[in-house]
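Summary of structural features
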Amino acid sequence: NAGVTQTPKFQVLKTGQSMTLQCAQDMNHNSMYWYRQDPGMGLRLIYYSASEGTTDKGEVPNGYNVSRLNKREFSLRLESAAPSQTSVYFCASTLEGPGELFFGEGSRLTVL
Amino acid sequence: GENVEQHPSTLSVQEGDSAVIKCTYSDSASNYFPWYKQELGKGSQLIIDIRSNVGEKKDQRIAVTLNKTAKHFSLHITETQPEDSAVYFCAAKSPVGGADGLTFGKGTHLIIQP
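Residues numbered from 1 in each chain as written. Chains lettered and ligands numbered in written order. Predicted model: local features only at pLDDT ≥ 70, side-chain atom pairs only at ≥ 80, totals over all residues. Heavy atoms only, no water.

1. Some remarks on the overall build of chain B
Each helix and strand counted, chain B has zero helices and 11 strands in total. Secondary structure of chain B in N-to-C order comes out as β-β-β-β-β-β-β-β-β-β-β. For 114 residues, the compact-globule estimate of 2.2 N^0.38 gives 13 Å, and the C-alpha radius of gyration of chain B, at 14 Å, lies within 12% of that figure. The dimensions of chain B, computed from C-alpha atoms along their principal axes, are 45 × 30 × 20 Å. Looking at chain B residue by residue over its 114 residues, the buried ones come to 44%. Partitioning the contacts of chain B with sequence separation of at least 6, the portion at a separation of at least 24 is 54%. Summed over all atoms, the accessible surface of chain B reaches about 5,700 Å², with 47% contributed by carbon and sulfur. Across chain B, the 11 positively charged side chains and the 13 negatively charged ones have centroids separated by 5 Å. (Helix = DSSP H or I, 4+ residues; strand = E, 2+ residues; numbered from the N terminus. Rg over C-alpha atoms; globule rule 2.2 N^0.38 Å. Buried < 20%, exposed > 50% of the residue type's maximum accessible area, 1.4 Å probe, protein only. Contact = heavy atoms within 4.5 Å. Areas by Shrake-Rupley, 256 points an atom, 1.4 Å probe, with all protein chains shown as cover. Lys, Arg positive; Asp, Glu negative; His and termini not counted. Charge placed at Lys NZ, Arg CZ, Asp CG, Glu CD.)

This is the structure:
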């Protein structure tokens, strides 16, 4: 059972480049989330999707876009990367909130 | 929105001793309080949670206590072992507001000294 799978695990970008982080879950969960984790800041919610076809902003959405492609997949896009977006990104899912969140292993992004 | 404060940021204890991590929250309507453990290079995993209608919950060496009046909750780990070394996050879920996610504390790096 794979759980929550994120790709890529590591990425280095130059300022202004774009990229998409992919996330897929195989647990038939309804809700999916993208968090960023910075040193001393904990986990901060970027965007979430309560169900297929819906997305909403979290605490720190600026500079990001998301797509809930289907029930399994939730992608995070950086259209024009900035050094402030250097972080570790975690995708998570839950059957329904509030409940146990299942996290992916993270994607470490560095923007030069 | 909800604001969660977590202390200490780093905690070092001798193997076999107990460890306590404390969190406070701001929204008195918050009703769900989970604790997550993050091992190096991995995603976080739920280790225990408590809902607002309960004051204490135990699971083997781990316990969580909730004081709704004071708006704080704590994680207690007894008989600590080397595998308890990790970063621990508390979180709170407020029923008010648009976001369906949790508000996390900033994390506590727990170090178990052999």
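Now, onward.
2. Observations concerning the interface of chain B and chain A
On the chain A side, the residues contacting the 19 residues of chain B number 19 residues. Roughly 1,600 Å² is buried in total at the junction of chain B and chain A, and carbon and sulfur atoms are behind 57% of that figure. Here chain B is connected to chain A by zero salt bridges. One can count three residue pairs in polar contact (both at pLDDT 80 or more) joining chain B with chain A. At the level of secondary structure, the elements contributing two or more residues to the side of chain B that touches chain A comprise β4 (32-38) and β5 (44-51) of chain B. (Buried area = accessible area lost by both parts, 1.4 Å probe. Salt bridge = Lys/Arg side-chain N within 4 Å of Asp/Glu carboxyl O. Polar contact = N/O pair within 3.5 Å; in protein donor to acceptor, adjacent residues only side chain to side chain.)

3. Section: the layout of surface pockets
Quantified by volume, the largest pocket comes out at close to 690 Å³. As for the largest pocket, its lining consists of 32 residues, and the residues nearest its centre are Q37, V88, F90 and R108 of chain A together with Q38 of chain B. Looking at the lining of the largest pocket, the elements that each hand over two or more residues are β4 (31-38), β9 (87-94) and β11 (107-111) of chain A together with β9 (86-92) and β11 (108-113) of chain B. For the lining of the largest pocket, the element with the most residues is β11 of chain A, which contributes four residues. Of the residues in the lining of the largest pocket, the class split is nine nonpolar, 16 polar and seven charged. (1 Å grid on protein atoms, 1.4 Å probe; cavity = no way out; pocket = protein on both sides within 12 Å on 5 of 7 lines; lining within 4 Å. Points joined across faces, edges and corners; volume = space filled by probe spheres on them. Nonpolar A, V, L, I, M, F, W, Y, C, P; charged D, E, K, R; others polar.)

4. Here we look at the environment of T80 of chain B
Residue and element names in this part refer to chain B. Here T80 shows up in the loop between β8 (72-77) and β9. Take T80: its relative accessible area is 2%, and that puts it in the buried class. C-alpha of T80 to C-alpha of I112: the two residues are 32 residues apart in sequence and 7.1 Å apart in space.

5. Focus: the side chain of Q85 of chain A
Within the secondary structure, Q85 of chain A is located in the loop between β8 (74-78) and β9. If sequence neighbours within four positions are ignored, Q85 of chain A has contacts with R36, N62, G63, Y64, L78, S80, L109 and V111 of chain A.

6. Quick look at the sheet that holds strand β7 (residues 65-68) of chain A
Residue and element names in this part refer to chain A. Taking strand neighbours across the sheet as the criterion, the four strands line up as β1-β3-β8-β7 in an open arrangement whose pairing is antiparallel. The open sheet has two edge strands, β1 (4-7) and β7, and neither has a second partner. Sheet twist, expressed as the mean angle between neighbouring strand axes with direction ignored, is 15 degrees. The pairing of strand β3 (residues 19-25) with β8 spans three bridges and is classified as antiparallel. Across the sheet, T20 pairs through a bridge with R77, a residue of β8. (Pairing = 2+ DSSP bridges. Axes fitted to C-alpha atoms, helices over the stretch in contact; angles between N-to-C directions.)

7. So, the nonpolar core
Counting 24 residues, the largest nonpolar core has W35, F73, L75, Y88 and L110 of chain B as the members making the most contacts within it. Breaking this core down by element, the ones donating at least two residues are β2 (10-14), β3 (19-25), β4, β5, β7 (62-67), β8, β9 and β11 of chain B. In contact with F73 of chain B, other than residues within four places in its own chain, are I21, K22, C23, Y25, F33, W35, T65, L66, C90 and A91 of chain B. Within the second largest apolar cluster, 20 residues are counted, among which are V4, L13, L21 and L78 of chain A. (Core = buried A, V, L, I, M, F, W, Y, C linked by side-chain atoms within 4.5 Å.)

Bear in mind that shape data such as this cannot, by itself, settle questions of function.
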